[in-house]
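Topology and contacts: notes
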Amino acid sequence: MIQKTLYILLIIMTPVLLMAHESADFLRSTGKIYSVVLAVVLIFLGIVFYLVRLDRKISRLEKEMLD
Amino acid sequence: MKYSWWKILGVLLLLYVFTFGFLVPLKPGIIAVSPVSIEANHVSNISITGYNSNYQSQESSLQVWLKIDSTSGYQATSLRVNGERQLTATFDIGALPDTTEALLLVVNAEDGTAIRPRAVKINSAEHQPASVPSKLSALPSKTFQTKAGFYFPYRSILDETIRNTFFHVALWMAMFVLLLIGLYHSIQYLRTKRIEYDIKASSYSYAAILYGLLGLATGSVWARYTWGTWWTPDVKLNMAAITMLIYAAYAVLRAGIDDIDKRSQLSAIYNIFAFAAMIPLLFVIPRLTDSLHPGNGGNPALGGEDLDNTLRMVFYPAIIGLFLLGRWIATLNIRIETLRIHKLQSDL
């Protein structure tokens, strides 16, 4: 359940982040520093995504072991 | 959790990268110029927007030049400063034989020299009287000075995104290291046929694929806000995409075969071929042609104007930090897969 929610969060968060600021050209302000911030956020989300996958693998393994 | 020195080192290095990568300021630069095209044989006003500049407090030592060739240019005849980041320069341009894209220099004692290449296009007059003087003057010998202290370089168009060197570029470099380790284990698998090498090879390759996909995503975001488009058919971008497709096929191949021995064997061979394809795609072909990508076109490799020593002080720790993080991710996968194999063996 938690994993599903995380997946959905991951899927919706990226475009929302992009859309929210695009019209105001917020990401280009202050020497485009926020586009670097967005890049770092993407890296973070990517690593979280992989962690969720590993978490699911472990859960499956735990379930198989206990059965 | 297994505590290992390299996990702690990786986290500390990344902490250093995030802190210094974001906190060290850029050198002063010129972020906007208007108008970008003026006429020769005219007096023109050019308004200049600086970045991290000190125009007002350094007004007494302020000089603005339009550099025409290696030794000469036009110095602004008068300057009107509106705050630290805004000034209007008046140029009295004389006769010019050819239309020239002049380099703009803003010099002052505190900031050193801020440069904007191809800042202003000076259109030569069509019917130029021979009597009109060129009004060019020799550039002072100490025009190019750098600001004292620790700053990252300012590059036109890149602006603050030069900091992406520590994230986007370092991610690709860490990916190469992870792929190399994956390759080593694939070769070891083919030599020994021991399943643990297959687990290691695939885990390192998966971590590398994750980094590669993130490299594409961060590059795409960068392109959107500097080039104005998410993707362009640039040789560097397309070759990187092809590489990721080749490695995506590796993941598909592994997922598609149920027999463990067959899967290990095939994917080890495929991994060697994929690595062999990756080298020309990412290292050779982008250097053979022109590319929009910073640091490309010709063969600048890791040098020249795009990576100076201040950037290196954060860039290299970023590569090591991201690699160690990738290794951490890979070892988690290795431990899970090893457990699964043990369970399979004990079930039999």
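Everything here concerns the structure above.
Presented here is a report on the structure given in the accompanying data block. Since the structure is predicted, the reported quantities are computational estimates derived from the model, not experimental observations. (Residues numbered from 1 in each chain as written. Chains lettered and ligands numbered in written order. Predicted model: local features only at pLDDT ≥ 70, side-chain atom pairs only at ≥ 80, totals over all residues. Heavy atoms only, no water.)

What links the strands of a sheet is backbone hydrogen bonding, and the strands pair in either a parallel or an antiparallel sense. All names here are of chain B. Across the sheet, which stays open at both edges, the six strands sit in the order 2-9-8-4-5-10 with mixed pairing between neighbours. Edge strands, defined here as strands with exactly one partner in the open sheet, are strand 2 (37-39) and strand 10 (137-138). The pairing of strand 5 (residues 72-75) with strand 10 spans two bridges and is antiparallel. Bridging across to strand 10, Gly 73 finds its partner in Ser 137. (Pairing = 2+ DSSP bridges. Helix = DSSP H or I, 4+ residues; strand = E, 2+ residues; numbered from the N terminus.)

So, about the interface of chain B and chain A. On the chain A side, the residues contacting the 34 residues of chain B number 27 residues. Both faces considered, chain B and chain A share a buried interface measuring about 2,800 Å² in area, 74% of it formed by carbon and sulfur atoms. By the criterion of area lost to chain A, the three top residues of chain B are B:Tyr225, B:Ile336 and B:Lys343, representing 24% of everything that side buries. Summed over the shared surface of chain B and chain A, the result is three salt bridges. Residue B:Asp159 is joined to A:Lys32 by a salt bridge in which the shortest nitrogen-to-oxygen separation is 3.0 Å. The tally of links between chain B and chain A comes to four residue pairs in polar contact (both at pLDDT 80 or more). Mapped onto the side of chain B that touches chain A, the elements with two or more residues apiece are helix 1 (5-23), helix 3 (195-226) and helix 6 (309-347) of chain B. At 10 residues, helix 3 of chain B tops the list of elements feeding residues into the side of chain B that touches chain A. Within the side of chain B that touches chain A, the residues separate by chemical class into 21 nonpolar, six polar and seven charged. (Contact = heavy atoms within 4.5 Å. Buried area = accessible area lost by both parts, 1.4 Å probe. Salt bridge = Lys/Arg side-chain N within 4 Å of Asp/Glu carboxyl O. Polar contact = N/O pair within 3.5 Å; in protein donor to acceptor, adjacent residues only side chain to side chain. Nonpolar A, V, L, I, M, F, W, Y, C, P; charged D, E, K, R; others polar.)

Residues and elements named next belong to chain B. Per the stated rule, a full pass over the model turns up one cavity of 30 Å³ or more. Considering the residues around the largest cavity, the lining is formed by Pro 28, Gly 29, Ser 53, Tyr 55, Val 106, Val 107, Asn 108, Asp 111, Gly 112 and Ala 114. Among the secondary structure elements, those contributing two or more residues to the lining of the largest cavity are strand 8 (100-108) and strand 9 (112-123). Take the lining of the largest cavity: its biggest share by element is three residues, from strand 8. In terms of residue class, the lining of the largest cavity is built from five nonpolar, four polar and one charged. (1 Å grid on protein atoms, 1.4 Å probe; cavity = no way out; pocket = protein on both sides within 12 Å on 5 of 7 lines; lining within 4 Å. Points joined across faces, edges and corners; volume = space filled by probe spheres on them.)

All names here are of chain B. There is a patch of nonpolar side chains on the surface, built from Ile 279, Phe 283, Val 284 and Leu 288 and spanning about 340 Å² of accessible area. Along the chain, Phe 283 turns up in helix 5 (residues 260-288). Among the residues examined, Phe 283 registers a relative accessible area of 31% and is labelled partly exposed. (Patch = residues over 30% accessible without salt bridge, like charges linked within 9 Å, V, L, I, M, F, W, Y side chains within 5 Å. Areas by Shrake-Rupley, 256 points an atom, 1.4 Å probe, with all protein chains shown as cover. Buried < 20%, exposed > 50% of the residue type's maximum accessible area, 1.4 Å probe, protein only.)

A few words now on the packing of helix 4 (residues 235-256) of chain B against helix 5 of chain B. All names here are of chain B. Here helix 4 crosses helix 5 at 180 degrees, and the two axes come no closer than 10 Å. Put simply, helix 4 runs roughly antiparallel to helix 5. Per-class residue counts for the contact of helix 4 with helix 5 are 19 nonpolar, three polar and three charged. (Axes fitted to C-alpha atoms, helices over the stretch in contact; angles between N-to-C directions. Parallel < 35°, antiparallel > 145°, perpendicular 65-115°, else oblique.)

Next up on the list: the nonpolar core. In terms of nonpolar packing, the biggest core is built from 62 residues, with B:Phe166, B:Met175 and B:Tyr211 touching the most fellow members. Looking at this core, the elements with two or more residues in it are helix 2 (29-66) of chain A together with helix 1, helix 2 (168-192), helix 3, helix 4, helix 5 and helix 6 of chain B. Ranked by residue count, the leading element in this core is helix 6 of chain B, at 14 residues. What B:Phe166 contacts, discounting residues up to four positions off in sequence, is B:Val17, B:Gly21, B:Phe152, B:Leu311, B:Val314, B:Phe315, B:Ala318 and B:Leu322. Of all hydrophobic cores here, the second largest spans 26 residues; its members include B:Ala40, B:Val81, B:Phe91 and B:Val106. (Core = buried A, V, L, I, M, F, W, Y, C linked by side-chain atoms within 4.5 Å.)

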